[in-house]
Amino acid sequence: MSNYIFINAFAGKAKSNGNPFNKVSIFGNSMNGQRVFDCFTENGARLPNQDQLKFGDVVVPEYKDSPYPGGRPSLCGLKVVEHSPFNLADMTLRK
């Protein structure tokens, strides 16, 4: 299982139908190099530790299989492996 870098999370409601969503962006390696992954939770649910996650946290994503055949899995958790070395309040690297 690979480690990823947490970027941000955004929860809201879709303009078209008003359904809730929760998009979590993480950075990591793919088969074609490094990229940002936008992951969605099932029914717009917030992650249990979403309010504690900080930009730069090293995380391992946890997924839940789709109830639909061939559907994409939903993000159900981010386990923090290492806390962010960045202090965004003053934009410096912690030592």
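One structure accompanies this document, and this report is about it.

Cut-offs applied
- Residues numbered from 1 in each chain as written.
- Predicted model: local features only at pLDDT ≥ 70, side-chain atom pairs only at ≥ 80, totals over all residues.
- Heavy atoms only, no water.
- Helix = DSSP H or I, 4+ residues; strand = E, 2+ residues; numbered from the N terminus.
- Buried < 20%, exposed > 50% of the residue type's maximum accessible area, 1.4 Å probe, protein only.
- Contact = heavy atoms within 4.5 Å.
- Areas by Shrake-Rupley, 256 points an atom, 1.4 Å probe, with all protein chains shown as cover.
- Phe/Tyr/Trp six-rings, centres within 6.5 Å; stacked < 30°, edge-to-face > 60°.
- Pairing = 2+ DSSP bridges.
- Axes fitted to C-alpha atoms, helices over the stretch in contact; angles between N-to-C directions.

### Here's the deal with the overall build of the protein
So, point 1. When helices and strands are counted, the protein shows 0 helices and 7 strands.
So, point 2. Counted from the first residue to the last, the protein has its helices and strands arranged as β-β-β-β-β-β-β.
So, point 3. Relative to its 95 residues, the protein shows a buried fraction of 27%.
So, point 4. Across the protein, every contact between residues at least 6 apart in sequence was considered, and the portion connecting residues at least 24 apart equals 41%.
So, point 5. Of the roughly 7000 Å² of accessible surface on the protein, 53% is carried by carbon and sulfur atoms.

### So, the packing of aromatic side chains
So, point 1. Under the criterion given, the structure shown has 3 aromatic pairs.
So, point 2. With centroids separated by 5.7 Å and ring planes inclined at 90 degrees, the aromatic side chains of Tyr-4 and Phe-37 adopt a geometry described as edge-to-face. Of this pair, Tyr-4 sits in strand E1 (residues 4-13) while Phe-37 sits in strand E3 (residues 33-40), and the two are 33 residues apart along the sequence. Accessibility assignment for this pair places Tyr-4 and Phe-37 in one class, buried.
So, point 3. With a centroid separation of 5.8 Å and an interplanar angle of 45 degrees, the aromatic rings of Phe-10 and Phe-21 are classed as tilted. Linking Phe-10 in strand E1 with Phe-21 in strand E2 (residues 20-30), this pair joins segments that are 11 residues apart in sequence.

### Some remarks on the environment of Val-80
So, point 1. Note that Val-80 resides in strand E5 (residues 74-82).
So, point 2. You can call Val-80 partly exposed: its relative accessible area is 28%.
So, point 3. Those residues in contact with Val-80 that sit more than four places away from it in its chain are Asn-49, Leu-53, Asp-57, Val-58 and Val-59.

### Quick word on unusual backbone geometry
Most of the time, phi is negative for any residue but glycine, and the peptide bond is trans.
So, point 1. Phi is positive for Asn-43, which is not a glycine, with a value near 55 degrees.
So, point 2. As for its placement among the helices and strands, Asn-43 is situated in the loop between E3 and strand E4 (58-64).
So, point 3. Note on Asn-43: relative accessible area 67%, which makes it exposed.

### A look at the sheet that holds E1
So, point 1. Spatially, 5 strands are ordered E3-E2-E1-E4-E5 in an open sheet, and the strand pairing comes out antiparallel. Taken across any chain shown, the strands that pair with only one partner, and hence form the sheet edges, are E3 and E5. Taken over all neighbouring pairs, the strand axes of this sheet differ in orientation by 30 degrees on average, direction set aside.
So, point 2. The sheet contact formed by E2 and E3 spans 8 bridges and is antiparallel. What sits directly across from Ser-30, in E3, is Gly-33.

None of the figures reported here should be taken as evidence of function without further support.
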